[in-house]
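Structural overview for review
Residues per chain, in single letters:
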Amino acid sequence: MSTFTIDSGTSRATPSPVPGKRVTVPAIRARKNGGSTTEPLVMLTAYTMRMAQLLDPHCDILLVGDSLGQVIYGLPSTLPVTLDMMCAHGAAVVRGSFHSLVVVDMPFGSYESSPEQAFASASRVMAETGCSAVKLEGGVAMAGSIAFLGARGIPVMGHVGLTPQAVNALGGYGARGKSQAEHAKILDDAKAVAQAGAFACVVEGVLEPLADAATASLDIPVIGIGASAKCDGQVLVTEDMLGLFERTPRFVKRYADLATEIGEAAAAYASEVRGRNFPTVEQTYQPKGA
Ligand code: KIV
């Protein structure tokens, strides 16, 4: 059932808020109980107010991912994404939603050097966006910062496996955990994130048995992307699953073909404009009595 209504009396950008309805961090954490999750968590990325409005009724979590670097800004990777970008898009997504938990990604370079740096950046993100939690990449190396933030009121979602901010160190975006050593390291990373107090953890781009092992051994929800159907939840980049790009990675399923639909709509508009068939009398303002 949709809990979302648009207040058309004011502005299409202003949804009627329903105070107290937003999913909370403890509620997400509690979805995994006794090591299992009855109903998998639904998470999608959102970067804009309107997309947040459309996705909000269907999701448990909206992730303002730093994937916006590529998807919105046409950047070659997530590395150039800034705190300013994350704050602007995070605030838009919070404004466009009132049901889903909104999690905002910490961009590359804004948290890795120390727990104090992580707190300064994360507290800015929380204050400027109104989001409920942040996500950061890294396992054992980030455990201290995750605990530091948690102890200061900032809930953290972890992210291990294929961590796109480490693309240069990893050598590409291929699936991780193929060797025994890498399998063990990623599992250790996931456990460290959970032990440090993260309320959930994204496991990205790993062999399915590794995703299953992480899901079985962590007491917090494991949210998979390119991972396993047995994870406690799933996340995709919304533009990927809507078919807005020609090329989609293997782990993406396209639930729509919006690139084709947008192309057809733009072509129809262009043809009508060039043929002077748009606007018609229906879209123009006529003098009274005409
Ligand atoms: O930035 C992002 O969109 C992400 C998801 C792919 C998990 O981190």
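Residues numbered from 1 in each chain as written. Predicted model: local features only at pLDDT ≥ 70, side-chain atom pairs only at ≥ 80, totals over all residues. Heavy atoms only, no water.

**Describing the environment of Asp105**
Counting through the fold element by element, Asp105 comes out in strand 5 (residues 101-105). Its relative accessible area of 3% is what places Asp105 among the buried residues. For the pair Asp105 and Pro155, spaced 50 residues apart in sequence, the C-alpha separation works out to 12 Å. Polar contacts involving the side chain of Asp105 include one to the side chain of Lys135, which spans 2.8 Å. (Helix = DSSP H or I, 4+ residues; strand = E, 2+ residues; numbered from the N terminus. Buried < 20%, exposed > 50% of the residue type's maximum accessible area, 1.4 Å probe, protein only. Polar contact = N/O pair within 3.5 Å; in protein donor to acceptor, adjacent residues only side chain to side chain.)

**Considerations on the site of the ligand**
Inspection of the region around the ligand gives Thr45, Leu63, Gly65, Asp66, Ser67, Asp105, Lys135, His159, Val202, Ile225 and Val237 as its neighbouring residues. In the model, an oxygen atom of the ligand is placed 3.0 Å from a nitrogen or oxygen of the Asp66 side chain. At 2.8 Å from an oxygen atom of the ligand is found a side-chain nitrogen or oxygen belonging to Lys135. Put simply, the ligand lies in the largest pocket. Partitioning the shell around the ligand into residue classes produces four nonpolar, four polar and three charged. (Near = heavy atom within 4 Å. 1 Å grid on protein atoms, 1.4 Å probe; cavity = no way out; pocket = protein on both sides within 12 Å on 5 of 7 lines; lining within 4 Å. Sits in = over half its atoms within 2 Å of the grid points. Nonpolar A, V, L, I, M, F, W, Y, C, P; charged D, E, K, R; others polar.)

**Things to note about the nonpolar core**
Counting 76 residues, the largest nonpolar core has Val134, Met157, Phe199 and Ile223 as its most contacted members. The residues touching Ile223, leaving out its near neighbours within four places in the chain, are Leu41, Met43, Ile61, Met157, Ala200, Cys201, Val202, Val203, Gly233, Gln234 and Val235. (Core = buried A, V, L, I, M, F, W, Y, C linked by side-chain atoms within 4.5 Å. Contact = heavy atoms within 4.5 Å.)

**Brief notes about the sheet that holds strand 4 (residues 61-64)**
Strand order in the closed barrel formed by eight strands is 3-4-5-6-7-8-9-10, and the pairing between neighbours is parallel. Between one strand axis and the next, the sheet turns through 25° on average, direction left out of account. Pairing analysis gives two bridges linking strand 9 (residues 222-225) to strand 10 (residues 233-236), with the strands arranged parallel. Bridge pairing in strand 10 places Ile223 opposite Gly233. The strands touched by helix 5 (residues 115-129) are strand 5 and strand 6 (133-135); relative to strand 6, the strand with the most contacts, the crossing angle is about 130°. Relative to the sheet, helix 8 (residues 180-195) contacts strand 7 (156-161) and strand 8 (200-204), its axis offset from that of strand 7 by approximately 175°. (Pairing = 2+ DSSP bridges. Axes fitted to C-alpha atoms, helices over the stretch in contact; angles between N-to-C directions.)

**Remarks on the environment of Met106**
With respect to the element layout, Met106 can be found in the loop between strand 5 and helix 5. Residue class for Met106 comes out buried when judged on its relative accessible area of 1%. With 139 residues separating them in the primary sequence, Met106 and Phe245 have C-alpha atoms 25 Å apart. Setting aside residues no more than four positions away along its own chain, Met106 makes contact with Asp66, Tyr111, Ala118, Ser121, Ala122, Val134, Lys135, Leu136 and Gln165.

**Some details on the pattern of salt bridges**
Counted according to the given criterion, the structure contains 10 salt bridges. Here Arg29 and Asp219 are joined by a salt bridge, their closest N and O atoms 3.7 Å apart. One end of the pair, Arg29, is in helix 1 (residues 25-29); the other, Asp219, is in the loop between helix 9 (208-217) and strand 9, with 190 residues separating them in the sequence. Ionic pairing is found between Asp60 and Arg31, a salt bridge with its closest N-O pair at 3.3 Å. Taken together, the residues Asp60 in the loop between helix 2 (49-55) and strand 4 and Arg31 in the loop between helix 1 and strand 1 (32-33) connect sequence positions 29 residues apart. A single network of salt bridges, built from pairs that share partners, joins Arg31, Glu39 and Asp60. (Salt bridge = Lys/Arg side-chain N within 4 Å of Asp/Glu carboxyl O.)

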